[in-house]
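For reference, the chains in residue letters:
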Amino acid sequence: MSTRHFTPRLFSFLRDLAANNDREWFAAQRDRYEADVREPVRAFIRDVAPMLEELAPHLIVDDSKSGGSLMRINRDLRFNPDAPPYKTYVGIHFRHLDFKARSTPSIFLRFEPRHSAVGIGLWRPDAPAAAAVRVAIAEHPDEWRQVVGDPAFSGTFDLVGDSLKRPPKGFDPDHPLIETLQRKDFAAAASLSQTRITAPGFLSDFVSTCREAGPFLEFLAGAVGVKL
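Computed from a prediction, not measured in an experiment: that's the story for all the values here.

A. How the structure looks around the pattern of salt bridges. Under the definition given, this model contains 13 salt bridges. Note that Arg110 and Glu112 form a salt bridge whose closest N and O atoms lie 2.8 Å from each other. Glu112 gets classed as buried once you look at its relative accessible area, which sits at 14%. Within the structure, one salt-bridge network assembled from shared partners comprises Glu39, Arg42, Arg46 and Asp63.

Okay, structure coming up:
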């Protein structure tokens with residue numbers, strides 16, 4: 001029988017946090033956060049590790065309480081001290097081993113009432129990485145079209161992110177994929193329902209979704225010069 005990692009209590013906590021986003025409330029609800037959010041997420045990370053190892057062995061899958069794949073729920077308030085102190089979503093980020101040295105493709109899970117999703121690819125890549133992806137697309141347009149046009153991918157994911165207002169310097173404005181070349185982000189997302197996340201089979205469901213994005217991630221990894 002499939003393991004059920006998440007229950008509606010995770011989303012109930014997040015809804016309550018959105019309505020009570022202050023340190024005093026969170027301190028009083030710390031045990032609830034641990035039991036309904038952090039520990040189930042850590043168990044999910046541990047269980048998904050061998051599956052992602054087969055799919056993308058160069059991604060980091062770390063169940064540590066801090067500094068691992070589970071993102072901090074505390075907001076960074078250094079530049080906005082008046083913002084609410086906590087994020088109202090759970091973020092799980094499977095980064096590439098080289099993520100500190102360069103922009104690299106990754107897999108991201110977001111749990112938030114009505115806004116949960118799987119995100120994959122390069123979000124806000126640095127200038128060298130963005131340029132490298134544009135070159136790869138410009139030089140291999142048929143391969144790119146095949147990757148993003150594959151029904152397994154296009155039926156699940158939508159390309160997301162921002163675009164430049166003008167063609168990037170050094171690229172032909174008349175290139176047939178110029179709108180793609182103007183992208184700032186080379187990422188895609190697939191929406192997830194609460195029912196789907198809290199189902200017993202979500203672990204294998206998530207891995208299958210990531211597998212559908214495999215060629216997309218491989219293309220981006222090859223473009224920036226890393227192994228997936």
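B. Just helix α10 (residues 214-224), in detail. Counting buried positions along α10 yields 8 of 11 residues, so the element is predominantly enclosed. Three or more residues of α10 are buried, namely Gly214, Phe216, Leu217, Phe219, Leu220, Ala221, Ala223 and Val224. The first or second residue beyond α10 is Gly225, which carries a positive phi of 80 degrees.

C. Looking closely at unusual backbone geometry. Of note, the phi angle at Arg114 is positive, near 70 degrees, even though the residue is not glycine. One non-glycine residue, Arg124, lies in positive phi territory at about 55 degrees. Tracing the backbone shows Arg124 in the loop between β3 (116-122) and α4 (127-139). Judged by its relative accessible area of 47%, Arg124 is partly exposed.

D. Local environment of the pairing of strand β5 (residues 186-192). With 5 of 7 residues buried, β5 is to be regarded as a mostly interior element. Relative to β5, β3 is paired through 7 bridges, and the arrangement is antiparallel. Across the sheet, residue Ser116 finds its bridge partner in β5, namely Leu192. Two elements, strand β4 (residues 158-160) and β5, share 3 bridges in a ladder whose sense is antiparallel. Bridge pairing in β5 places Asp158 opposite Ala189.

E. Quick look at the nonpolar core. If you look at the biggest cluster of nonpolar residues, it comprises 62 residues, and the most contacted ones within it are Phe111, Ile120 and Phe206. Ignoring sequence-local partners within four residues, the contact set of Phe111 consists of Phe6, Leu10, Phe11, Leu14, Tyr89, Val90, Ile92, Ser116, Ile197 and Phe202.

Thresholds applied
Residues numbered from 1 in each chain as written. Predicted model: local features only at pLDDT ≥ 70, side-chain atom pairs only at ≥ 80, totals over all residues. Heavy atoms only, no water. Salt bridge = Lys/Arg side-chain N within 4 Å of Asp/Glu carboxyl O. Buried < 20%, exposed > 50% of the residue type's maximum accessible area, 1.4 Å probe, protein only. Helix = DSSP H or I, 4+ residues; strand = E, 2+ residues; numbered from the N terminus. Pairing = 2+ DSSP bridges. Core = buried A, V, L, I, M, F, W, Y, C linked by side-chain atoms within 4.5 Å. Contact = heavy atoms within 4.5 Å.

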